[in-house]
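# Report on the structure
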Amino acid sequence: PQRAPTVVDHIRTLMTLYTDTFAPQVNNRDIEGVYDLMIDRLIPLCVARHTHTGPEALCGRPTEWVNYISALNFDYELIVSLPQVSVIDGAAITVSGFDERIGGQTNAFGTDVFVYLQTPDGWRLATMNVVITDVEDINDRGEALSFNPSPTRLLDSTIEAFNQQDMQSLRQKFQPGAMVFDTTQIQENGGRFVSVLFQRAPDVFLRWFERGNNMQLTVDHVMVDIHDDYTATASTYYILTENGIVVETGQQLWTFIASQTAGWQVTALVFSPDRE
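Parameters and conventions
Residues numbered from 1 in each chain as written. Predicted model: local features only at pLDDT ≥ 70, side-chain atom pairs only at ≥ 80, totals over all residues. Heavy atoms only, no water. Helix = DSSP H or I, 4+ residues; strand = E, 2+ residues; numbered from the N terminus. Buried < 20%, exposed > 50% of the residue type's maximum accessible area, 1.4 Å probe, protein only. Contact = heavy atoms within 4.5 Å. Pairing = 2+ DSSP bridges. Patch = residues over 30% accessible without salt bridge, like charges linked within 9 Å, V, L, I, M, F, W, Y side chains within 5 Å. Areas by Shrake-Rupley, 256 points an atom, 1.4 Å probe, with all protein chains shown as cover. Salt bridge = Lys/Arg side-chain N within 4 Å of Asp/Glu carboxyl O. Phe/Tyr/Trp six-rings, centres within 6.5 Å; stacked < 30°, edge-to-face > 60°. Lys NZ or Arg CZ within 6 Å of the ring centre and 35° of its normal. Core = buried A, V, L, I, M, F, W, Y, C linked by side-chain atoms within 4.5 Å. Axes fitted to C-alpha atoms, helices over the stretch in contact; angles between N-to-C directions. Polar contact = N/O pair within 3.5 Å; in protein donor to acceptor, adjacent residues only side chain to side chain. Expected span 1.5 Å × (residues − 1). Bend = angle between axes of the 7 residues up to and from the residue.

### Details of the environment of Ala-234
As for its position among the elements, Ala-234 is in strand 10 (residues 231-242). For Ala-234, a relative accessible area of 3% translates into the label buried. The spatial distance from the C-alpha of Ala-234 to the C-alpha of Leu-253 is 5.7 Å, given a sequence separation of 19 residues. Residues within four places of Ala-234 in sequence aside, it is in contact with Leu-155, Met-223, Val-224, Gln-252, Leu-253, Trp-254 and Phe-256.

### Quick word on the pairing of strand 2 (residues 54-60)
Summarising the sheet, strand 1 (residues 45-51) and strand 2 pair through 7 bridges and their orientation is antiparallel. Across the sheet, the residue bridging to Ala-48 is Ala-57, located in strand 2. Linking strand 1 to strand 2, which pair antiparallel, is a turn of 2 residues.

### Re a nonpolar patch on the surface
Taken together, the side chains of Tyr-68, Phe-74 and Ile-102 present a nonpolar region at the surface, about 260 Å² in accessible area. Within the secondary structure, Ile-102 is located in strand 5 (residues 91-102). For Ile-102, a relative accessible area of 31% corresponds to the partly exposed category.

### Quick word on the packing of aromatic side chains
Aromatic ring pairs are defined here through the distance separating the ring centres and the angle between the ring planes. Under the defined criterion, the tally for this structure stands at 12 aromatic pairs. With centroids separated by 5.7 Å and ring planes inclined at 70°, the aromatic side chains of Tyr-18 and Phe-114 adopt a geometry described as edge-to-face. In this pair, Tyr-18 sits in helix 1 (residues 7-27) while Phe-114 sits in strand 6 (residues 105-119), placing the two residues 96 residues apart along the sequence. For the pair Tyr-18 and Phe-114, a shared accessibility class is recorded, and that class is buried. Ring centres of Phe-205 and Phe-209 lie 6.4 Å apart, and the angle between their planes is 35°; this geometry places the pair in the tilted category. The buried category is assigned to Phe-205, whose relative accessible area is 3%. You can call Phe-209 buried: its relative accessible area is 8%. Joined through ring pairs, the aromatic side chains of Tyr-18, Phe-22, Trp-65, Phe-114 and Tyr-116 make up one cluster. The cationic tip of Arg-41 hangs over the ring face of Tyr-35; the distance from NZ or CZ to the ring centre is 3.9 Å.

### Focus on the nonpolar core
As a rule of thumb, nonpolar side chains are buried together in soluble globular proteins. By size, the foremost hydrophobic cluster in this structure holds 43 residues, and its most contacted members are Phe-22, Tyr-116 and Met-128. Setting aside residues up to four positions removed in sequence, Met-128 forms contacts with Phe-22, Met-38, Ile-43, Pro-44, Leu-45, Cys-46, Trp-65, Val-113 and Phe-114. The next biggest cluster of nonpolar side chains, apart from the first, holds 33 residues, and it includes Phe-147, Ala-161, Leu-170 and Leu-217.

### Some points on the pattern of salt bridges
A full pass over the atoms with the stated rule returns 4 salt bridges. Residue Arg-49 pairs with Asp-134 through a salt bridge whose shortest N-O separation is 2.8 Å. Note that Arg-49 is positioned in strand 1 and Asp-134 in strand 7 (residues 122-134), a separation of 85 residues in sequence. Judged by relative accessible area, which is 26%, Asp-134 ranks as partly exposed. When the shortest N-O distance is used, the salt bridge between Arg-101 and Asp-99 registers 3.8 Å. With a relative accessible area of 28%, Arg-101 lands in the partly exposed category. Residue Asp-99 is classed as partly exposed on the basis of its relative accessible area, which comes to 22%.

### A short note on the sheet that holds strand 9 (residues 215-227)
With mixed pairing, the 5 strands of this open sheet are ordered in space as 8-12-11-10-9. Sheet topology places strand 8 (174-182) and strand 9 at the edges, where each strand pairs with a single neighbour. Across this sheet, the average inter-strand angle for adjacent strands is 20°, counted without regard to direction. Sheet topology places strand 8 next to strand 12 (residues 263-273); 5 bridges connect them, and they run parallel. Looking at strand 12, one finds that Phe-174 is bridged to Val-266. Most of the contacts of helix 4 (residues 151-163) go to strand 9, to which it runs at about 165°, and overall it touches strand 8, strand 9, strand 10, strand 11 (245-259) and strand 12.

### Notes on the side chain of Thr-255
Note on placement: Thr-255 falls in strand 11. In this structure the side chain of Thr-255 is engaged in a polar contact, spanning 2.6 Å, whose partner is the side chain of Thr-267. When sequence neighbours within four positions are dropped, the list of residues in contact with Thr-255 reads Ile-93, Val-113, Val-115, Thr-127, Asn-129, Ala-232, Thr-233, Gln-265, Val-266, Thr-267 and Ala-268.

### Quick look at helix 1
For helix 1, with 21 residues, the first-to-last C-alpha span of 29 Å sits near the 30 Å given by 1.5 Å per residue. The principal kink in helix 1, of about 35°, is found at Leu-17. For helix 1, every residue scored as buried is listed here: Asp-9, His-10, Leu-14, Leu-17, Tyr-18, Thr-19, Phe-22, Ala-23, Gln-25 and Val-26. One or two residues past the end of helix 1 sits Arg-29, with phi positive at roughly 55°.

Scope: geometric values only; no functional claims are made or implied.
As structure tokens, then:
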């Protein structure tokens with residue numbers, strides 16, 4: 001019998017998916033290939049650009065970036081490094097540095113933080129966070145700004161808002177277009193990105209709150225890492241109770257982006273429930 005893939009196998013797969021598939025597809029202007037790596041064309045893409053006054057962050061969908069890549073008529077090359085990979089059941093985060101080169105010269109550099117979900121068709125991109133610095137702008141690499149709350153405090157306050165069912169507060173903590181994913185639902189729906197299941201965060205929580213029950217989410221073993229000043233990742237274990245009864249346990253992955261106007265905000269939250 002064929003053995004099940006190990007965590008090491010998944011890490012190797014995700015490393016090569018980024019270095020040997022994603023980057024070559026960008027360099028070859030293989031637009032359909034780039035889209036095929038995504039769980040859906042509507043996944044969040046958030047870019048934070050270093051400037052002398054702080055990060056300028058813009059979140060949207062990958063369509064504009066893909067159209068930009070496809071229309072390039074000069075010698076453009078994306079050079080990437082081997083990513084660091086964190087894997088939980090059904091989901092993963094990769095963190096890697098990159099250079100954008102034009103005519104063989106570095107034009108910009110930065111960090112990619114990608115969330116992947118495991119589907120029946122393999123690993124697929126679910127969220128893209130990018131921090132970028134333009135080489136020609138001498139003001140870009142000033143001292144990084146700090147924002148309050150920090151990603152750690154933002155995670156804590158998001159849990160607090162969830163437990164209070166405070167939708168107004170939750171909406172302020174998530175970037176517009178951010179998504180909430182459930183790895184179990186991904187598997188049950190054949191890996192498809194289903195808008196009914198994966199609504200714009202945090203509106204997806206409304207389905208839970210409308211049941212009128214006391215939902216409480218607690219997390220522990222929280223690990224938060226900041227990458228290239230203005231994007232961050234977190235992993236946690238969680239327990240979800242309903243009217244005091246444990247209904248779900250598992251692990252979470254979080255991604256964050258920082259901007260001058262909003263500070264730190266959540267760009268993606270992945271629930272990976274424990275399997276019975």
